[in-house]
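# Inside the fold
Chain by chain, the residues run as shown.
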Amino acid sequence: MHVIGERLNGMFKDVRKALEEQDVAAIQDLAKAQVNAGAGILDLNVGPAKVDPLEGMRWLIETAAAATEVPLAIDNPKWEIQKAVVPMLGDRAIINSCKADEEELDKYMALAVENNAGLVALTIDKQGVPSDVDRRVELGAQIGAKAMEAGLPMDKLYIDPIILPVNVAPKQPENVLAALEQLKMLSDPPPHFVLGLSNVSQGCNHRSLINRIYLVMAMSAGLDSAIMDPTDKDLMDAVITTELLQEKMIYCDSFLDAQRMRG
Ligand code: THG
């Protein structure tokens with residue numbers, strides 16, 4: 001499982017403050033804490049912080065890159081920002097994200113290929129998030145086909161079938177799982193499949209429980225990466241235990257401790 005740490009996001013008050021005050025230690029502590037907890041990639045998003053969006057992203061990248069060695073997912077919807085910052089990181093960058101419209105895919109895939117970067121592509125087009133399974137699969141297939149055309153290797157491609165909060169979109173959790181089941185058969189080798197896990201519980205009670213159960217369900221349907229909180233111990237234990245039961249490792253009595261120590 002590729003755990004992508006979600007905490008370096010200006011949506012969180014402490015990160016927003018650190019961005020506005022250019023508090024290097026606060027960002028680097030959060031970067032290291034996530035890697036130590038098992039994140040193999042860190043997601044970086046300036047969010048609503050009151051800073052220049054490009055300068056804020058540059059600073060966040062430089063600060064996080066100096067504290068860890070893991071790849072960094074540049075979480076920003078603007079082409080101008082991606083174009084400016086992806087070359088800073090080259091093959092350490094994962095563009096997060098682009099939509100599945102053809103012109104957009106062509107542009108973003110060229111940027112990824114040029115820089116040896118990864119790319120997260122969402123199954124969203126001009127019509128927005130599909131409400132049904134078929135359209136998600138159709139857009140996912142279009143993303144896969146475009147990657148082959150552009151020469152983006154499947155291990156650099158992350159397809160995101162987009163999860164929405166269960167309290168406002170109650171059919172979507174099941175629809176995303178059905179789309180994952182179909183999309184994982186798309187190509188051999190397959191691309192990665194990723195979700196912004198915490199979206200599923202936004203505005204809900206018992207968030208950690210909802211995130212944990214849905215992650216296990218999604219892993220069972222073929223999810224192999226998630227933007228999530230690696231410092232949520234119960235969530236990470238669920239990841240490890242699911243991998244055990246998927247025979248990604250052999251059982252030993254200390255399987256939890258053995259895996260927890262990795263990060
Ligand atoms: N797909 C892709 N990228 C994404 C998302 C996605 N990036 C952003 C987001 N979705 C994933 N990251 C988060 C980070 C935080 C939260 C949800 C998703 C979150 N934040 C608290 C909240 O909104 O309640 C912030 C408040 C707080 O706790 O301080 O839940 O889907 N490719």
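Residues numbered from 1 in each chain as written. Predicted model: local features only at pLDDT ≥ 70, side-chain atom pairs only at ≥ 80, totals over all residues. Heavy atoms only, no water.

## A short note on the overall build of the chain
The cut-off we apply is this: Strands are runs of DSSP state E lasting at least two residues, helices are runs of H or I lasting at least four, and both sets are numbered from the N terminus onward. In this treatment the radius of gyration is a C-alpha quantity, and the globule benchmark scales as 2.2 Å times the residue count to the 0.38 power. Relative accessibility decides the category of a residue: with a 1.4 Å probe and only protein chains considered, values under 20% of the type maximum give buried, values over 50% give exposed, and everything between is partly exposed. When checking whether two residues touch, look at their non-hydrogen atoms; a contact exists if any pair is within 4.5 Å. We get accessible surface area from the Shrake-Rupley algorithm with a probe of 1.4 Å; when it comes to residues, only the shown protein chains can shield them. Under the counting rule used here, the positive set is Lys and Arg, the negative set is Asp and Glu, and His together with the chain ends is not counted. Working definition for charges: the position is that of NZ of Lys, CZ of Arg, CG of Asp or CD of Glu.
Looking only at helices and strands, the chain features ten helices and eight strands. Compactness check: the chain gives a C-alpha radius of gyration of 18 Å against a globular reference of 18 Å for 263 residues, within 12% of the reference. Taken across its 263 residues, the chain has 53% of its residues classed as buried. Within the chain, contacts between residues separated by at least 24 positions form 67% of all contacts whose residues are at least 6 apart in sequence. Within the structure as shown, the chain displays about 12200 Å² of accessible surface, and the carbon and sulfur contribution to it stands at 53%. Seen as two clouds, the 25 positive and the 39 negative side-chain charges of the chain have centres 4 Å apart.

## Let's talk about the pattern of salt bridges
Using the following cut-off: Here a salt bridge means any side-chain nitrogen of Lys or Arg lying within 4 Å of a carboxyl oxygen belonging to Asp or Glu.
The final tally for this structure, using the stated rule, is 15 salt bridges. Across the salt bridge formed by Arg58 and Glu55, the nearest N and O atoms sit 2.7 Å from each other. Highlighted residues: Arg58 and Glu55, both in helix H3 (residues 53-67), separated by three residues, approximately one helical turn. For Arg58, a relative accessible area of 27% puts it in the partly exposed group. On the basis of relative accessibility, which here comes to 43%, the residue Glu55 falls in the partly exposed class.

## So, the side chain of Ser198
For Ser198, the position within the fold is in the loop between strand S7 (192-196) and helix H8 (207-221). The exposure class of Ser198 is buried, given its relative accessible area of 13%. Not counting residues up to four positions away in its chain, the partners in contact with Ser198 are Glu6, Arg207, Asn211 and Ile227.

## Some remarks on the site of the ligand
Operational definition: Residues are counted as near a molecule or strand when any one of their heavy atoms sits within 4 Å of it. A 3.5 Å cut-off defines polar contacts: any pair of N or O atoms within that distance qualifies, except that in protein one atom must be a possible hydrogen donor and the other a possible acceptor, and neighbouring residues in sequence count only when both atoms are side-chain atoms. Any residue that is not Ala, Val, Leu, Ile, Met, Phe, Trp, Tyr, Cys, Pro, Asp, Glu, Lys or Arg is counted as polar, Gly included; the first ten are nonpolar and the last four charged.
If you check the shell around the ligand, you find 15 residues, and the closest are Asp75, Asn96, Asp160, Asn199 and Arg207. Take Asp160: an N or O atom from its side chain is 2.6 Å from a nitrogen atom of the ligand. One nitrogen or oxygen atom from the side chain of Arg207 is found 2.7 Å from an oxygen atom belonging to the ligand. Considered on its own, the ligand offers 670 Å² of accessible surface; in the complex 76% of this is hidden by protein. Class assignment of the residues belonging to the shell around the ligand gives a composition of five nonpolar, six polar and four charged.

## Brief notes about the environment of Ala150
Mapped onto the fold, Ala150 is located in helix H6 (residues 133-150). Separated by 20 residues in the primary sequence, Ala150 and Pro130 have C-alpha atoms spaced 25 Å apart. For Ala150, the residues in contact, after removing those within four places along its chain, are Met109 and Val113.

Geometric descriptors of this kind do not, in isolation, establish any biological role.
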